[in-house]
Amino acid sequence: MGIRYVEGKKIFHMDTEHTTYLIGLSPEGYVGHIYYGRKLGSEGNNYLLRMEEAPYTPSVREREKASFMDFFPMECPAGGIGDYRESCLDVRGGSGSIGCELLFKEYRITKGKPVLPGLPASFGTEDEAETLELVCEDRLLGIEVILAYSVFWKCDMITRNIRVDNRGEEHLKLEKVYSACLDMDNRDFEMVTLVGSWARERHIQRGALRFGRQMVSSVKGESSHQEHPFLALVTPETTQETGEVYAMNFVYSGNFMAQAELTQFRQVRMTMGIHPDHFCWNLRPGESFQAPEAVLTYSAEGLGLMTRNFHDFYREHLIRSPYKYRKRPVLINNWEATYFDFDSEKLLAIAREAKKAGIEMLVMDDGWFGKRNLDDCSLGDWTVNEEKITSGLPDLVEKVNEIGLQFGIWFEPEMISPDSDLYRAHPDWAIRIAGRTPSQSRAQYVLDLSRKEVVDYAYGCVADILHSAPIAYVKWDMNRQLCDIGSACLDRESQGELMHRYVLGVYEMQERLVTEFPELLLENCSGGGARFDPGMLYYSPQIWCSDDVDAMERLRIQEGTALIYPLSTMGAHVGDCPNHIVGRNTPFDTRAHVAMAGTFGYELDITKIAEEERAKIPAQVEEYHRYQPLMQRGDYYRLASWSDRKPYDCWEVAAKDSSEALVTFVQVLAEPNMHSRAVFLRGLQEDAEYALEGTEEVYGGDELMRCGYLVPSEPGDFVSRLYHFVRVGQV
Ligand code: GLA
């Protein structure tokens, strides 16, 4: 299918439907990157390795080896032997020095996509994917490094990962292991990243690539609110529809580094992997280290195609949940309705009103366990607080079910409050440095998930509660970042493994959860959207996007999130007004239209909102379900962007067979003395006719795409409209 070795040229040629990736070997066996981009009809040659130009390859002139190493485009640059650009692999040998030289040994091409033990990773059948493994070795260190590439033909995706096997006699230390590297000539690239903070996660940032190293990263123990494990390099003319895009995303939820480096010779090196800070992994004889997966895509048709490649890939090859394409229940969550101040009666009152409005699930958020009436205690004590849940959890769930709603529950299983029975019994279960008072954040510590007994305990608490009642949904939260990185159980040599072992512990717990409760709907969350990444999507089909549910703030947050992740993954709710974070008032309809771009729900006290708003909910629920199959499977197009200095925001989801399209238009600020605005639809059939639902209007597909649809002008800030176009016949 997609991968072949061209023996005579020593070139590995990998194709997807629209892209080609070429790897070449130097005479010595250095594994070089030749090309990644638009599909080549030809076999390809290796002249882009520039082996005929000085500095020549070391086998020709050994004394120029350092110059060669610092220029040759490497597939996996190892540190310490003359390549001064960012390295991907730093190995401290038995002598204590860092230096590694990887030379090609052999290759394997197999059908399908291997699993990565203990790690989230994409999957594909033998018909969908093919895998190349390049086995490299450093004989002095006694290691083999396996560079794995899987090609997903239809989605134009290539995944990469690296495994290091210690086949020698020495105890080695891995001080850095990245998962992917892409070396190429600069083309005046600009860098696109996602940045933000709590309540304003994943805003799109674009800027020039300058000489030196520019990165986004996290050392917080999670992918973070602030920076995101995603990096794209784009040519300057790149828009939604045009221009070239090289993008990488990391299937990992802990510390990461995503970097672009512009070098002295105007080469670009793009790298991605686990952040080397606080990382040092022991590799004893016979042991292996598996680095997580990075996902690469190339688009010759702008950011829009990049987005759709990611969406298709994650839907088809990463998200495993049975809910992926299933109807998701419309839920109401009591967090912003009550915060910690609730009891069974309040919850049942919300459930009764919610049922009348057509809502399908009640989620009981933080505050139901231990003696938690504030965020300062009880994490770890996962027993129901019967002062609040007066007749016990099974009874509450039964009553909610009798009302006609499913029941969901909130957990924060990775944490421990200093004021908890768990901490009093096991103070050493918290991550901390011996002898130093650890820093609290939200009055809590983080559990040391590198320890099996801690993982077993924390998982056991969740499982026991789920076994006690028919609970359909879990919101799995993680409300602080890691610091004071120390484990009471790891020896001096192994403390540098803790950050990664922590993430492996989280993955183990979530794997156990989805295996033991396969019908459970799991929504991940981290103080809003601090762990919205492909790693978590492997376990949960939806992730809470942000604690900020203000409809205008959500435009930016959801635009940035949807740059990579399918709409069906974005937890999005209709919130209260004035909004609890920004104090803004927005129309109830607009809040619903914006939330319908994600997995829809409500985050307010339905017993207290205005009657006229409550009256709108049944139609909103019905509308969401009507459009949900289209939103779950369709192609997403960004038509106009408020964050791009437009006074309005507009996006479209078109069915893959072009039979229908839903356009959401949000006028953020009204413009005086303004006519209607043209938005240019995408993804329609050119020679078909489309009716605009609810009107007599019929348009040609080509007309809507080339001439545009005129959104009527109307007064008012924060107002929105949905436009549903349905194919009614051929022109
Ligand atoms: C985090 C979540 C919120 C809520 C609170 C509860 O901030 O993002 O939705 O669950 O925790 O403490």
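Heads up: the structure comes first, above all this text.
Draft legend 1. Broad picture of the overall build of the protein chain. If you tally the helices and strands in the protein chain, you get 14 helices and 38 strands. Computed over the C-alpha atoms, the radius of gyration of the protein chain is 27 Å, within 12% of the 27 Å expected from 2.2 N^0.38 for a compact globule of 731 residues. With the principal axes as the frame, the protein chain shows a C-alpha extent of 85 × 75 × 45 Å. When each of the 731 residues of the protein chain is scored for burial, the buried share is 62%.

Draft legend 2. Region of interest: the pairing of strand S31 (residues 635-640). Burial within S31 is extensive, with 5 of its 6 residues counted as buried. The pairing of S31 with strand S32 (residues 648-654) spans 5 bridges and is antiparallel. Paired with Ala640 across the bridge in S32 is Cys650.

Draft legend 3. Representation of the side chain of Thr193 in the model. You can see Thr193 is positioned in strand S11 (residues 190-197). Not counting chain neighbours up to four residues away, the residues in contact with Thr193 comprise His203, Ile204, Gln205, Val216, Phe230 and Leu231.

Draft legend 4. Inspection of the packing of aromatic side chains at higher detail. In this structure the tally under the stated criterion is 44 aromatic pairs. Between Phe152 and Phe313, the ring centres sit 4.8 Å apart and the planes meet at 80 degrees, which makes this aromatic pair edge-to-face. Residue Phe152 is located in strand S8 (residues 143-152), and its partner Phe313 is located in helix H2 (residues 302-317); the two are separated by 161 residues in the primary sequence. Using a relative accessible area of 1% as the deciding quantity, one classes Phe152 as buried. In this structure Phe313 comes out as buried when scored by relative accessible area, which is 0%. Feature note: the residues Phe152, Phe230, Phe310, Phe313, Tyr314, Phe532 and Tyr565 constitute an aromatic cluster, connected by ring pairs. Positioned above the aromatic ring of Tyr323 is the side chain of Arg326, whose terminal nitrogen or guanidinium carbon lies 4.7 Å from the ring centre. The ring of Trp642 carries Arg556 above its face, with NZ or CZ at 4.5 Å from the centroid.

Draft legend 5. Layout of the nonpolar core. Counting 199 residues, the largest nonpolar core has Trp368, Ile409 and Tyr602 as its most contacted members. Take this core: its biggest share by element is 9 residues, from helix H7 (residues 452-468). Ile409 has contacts with Val363, Met364, Trp368, Leu393, Ile465, Leu466, Ile471, Tyr473, Val474 and Lys475, leaving out every residue within four places of it along the chain. Counting residues in each nonpolar core, the second largest holds 21 residues, with Tyr648, Val663, Leu704 and Met705 among its members.

Draft legend 6. Looking closely at the sheet that holds strand S30 (residues 599-603). With parallel pairing, 8 strands are arranged side by side around a closed barrel as S21-S22-S23-S26-S27-S28-S29-S30. On average, adjacent strands in this sheet sit at an angle of 30 degrees to one another, irrespective of strand direction. Here 2 bridges tie strand S28 (residues 542-544) to strand S29 (residues 570-575), and the two strands are oriented parallel to one another. Bridge pairing links Ile543 to Met570 in S29. Docked against the sheet, helix H4 (residues 344-356) engages strand S21 (331-333) and strand S22 (361-364), running at close to 155 degrees with respect to S22. Contacts from helix H11 (residues 588-595) reach S29 and S30, with the element oriented near 170 degrees to S29.

Draft legend 7. The arrangement of the site of the ligand in detail. Taken together, the neighbourhood of the ligand is formed by 13 residues, with Asp365, Asp366, Lys475, Gly528 and Asp547 sitting nearest. With respect to the ligand, the side chain of Asp547 contributes an N or O atom lying 2.5 Å from an oxygen atom. Across the complex, the protein chains shield 96% of the 300 Å² of accessible surface that the ligand would expose by itself. Tallied by class, residues from the shell around the ligand come to 4 nonpolar, 3 polar and 6 charged.

Draft legend 8. Main features of the packing of H4 against helix H5 (residues 393-403). Contact pair H4 / H5: the axes reach a minimum separation of 9 Å and the direction vectors enclose 20 degrees. When the axis of H4 is compared with that of H5, the two are roughly parallel. Remark: the crossing between H4 and H5 carries right-handed chirality. Between H4 and H5, the residues in contact are Ser344, Leu347, Leu348, Ala351, Arg352 and Lys355 and Leu396, Lys399, Val400 and Ile403, respectively. Looking at the contact of H4 with H5, its residues break down into 6 nonpolar, 1 polar and 3 charged.

Draft legend 9. Examining a negative patch on the surface more closely. Together, Glu126, Asp127, Glu128 and Glu316 make up a region of like negative charge exposed at the surface. With respect to the helices, strands and loops of the structure, Glu128 is situated in the loop between strand S6 (103-111) and strand S7 (129-138). On the basis of relative accessible area, Glu128 is assigned to the partly exposed category, the value being 32%.

Draft legend 10. Representation of the sheet that holds strand S2 (residues 11-15) in the model. Read across the sheet, 4 strands follow the order S1-S2-S3-S4 without closing on themselves; strand pairing throughout is antiparallel. Each edge of the open sheet is held by one strand with a lone partner, namely strand S1 (3-6) and strand S4 (31-38). This sheet shows a mean twist of 15 degrees between the axes of neighbouring strands, independent of strand direction.

Draft legend 11. Highlighting the pairing of strand S14 (residues 230-234). Of all 5 residues making up S14, 5 are buried, and the element is well covered by its neighbours. Burial of the side chains of S14 extends over both faces: Phe230, Ala232 and Val234 are buried on one face and Leu231 and Leu233 on the other. As paired strands, S14 and strand S15 (residues 245-251) are joined by 5 bridges and run antiparallel to one another. The residue bridging Leu233 from the neighbouring strand is Tyr246, located in S15.

The rules we used
Residues numbered from 1 in each chain as written. Predicted model: local features only at pLDDT ≥ 70, side-chain atom pairs only at ≥ 80, totals over all residues. Heavy atoms only, no water. Helix = DSSP H or I, 4+ residues; strand = E, 2+ residues; numbered from the N terminus. Rg over C-alpha atoms; globule rule 2.2 N^0.38 Å. Buried < 20%, exposed > 50% of the residue type's maximum accessible area, 1.4 Å probe, protein only. Pairing = 2+ DSSP bridges. Contact = heavy atoms within 4.5 Å. Phe/Tyr/Trp six-rings, centres within 6.5 Å; stacked < 30°, edge-to-face > 60°. Lys NZ or Arg CZ within 6 Å of the ring centre and 35° of its normal. Core = buried A, V, L, I, M, F, W, Y, C linked by side-chain atoms within 4.5 Å. Axes fitted to C-alpha atoms, helices over the stretch in contact; angles between N-to-C directions. Near = heavy atom within 4 Å. Polar contact = N/O pair within 3.5 Å; in protein donor to acceptor, adjacent residues only side chain to side chain. Areas by Shrake-Rupley, 256 points an atom, 1.4 Å probe, with all protein chains shown as cover. Nonpolar A, V, L, I, M, F, W, Y, C, P; charged D, E, K, R; others polar. Parallel < 35°, antiparallel > 145°, perpendicular 65-115°, else oblique. Left-handed = near helix turned anticlockwise from the far one by under 90°. Patch = residues over 30% accessible without salt bridge, like charges linked within 9 Å, V, L, I, M, F, W, Y side chains within 5 Å. Salt bridge = Lys/Arg side-chain N within 4 Å of Asp/Glu carboxyl O. Lys, Arg positive; Asp, Glu negative; His and termini not counted. Charge placed at Lys NZ, Arg CZ, Asp CG, Glu CD.

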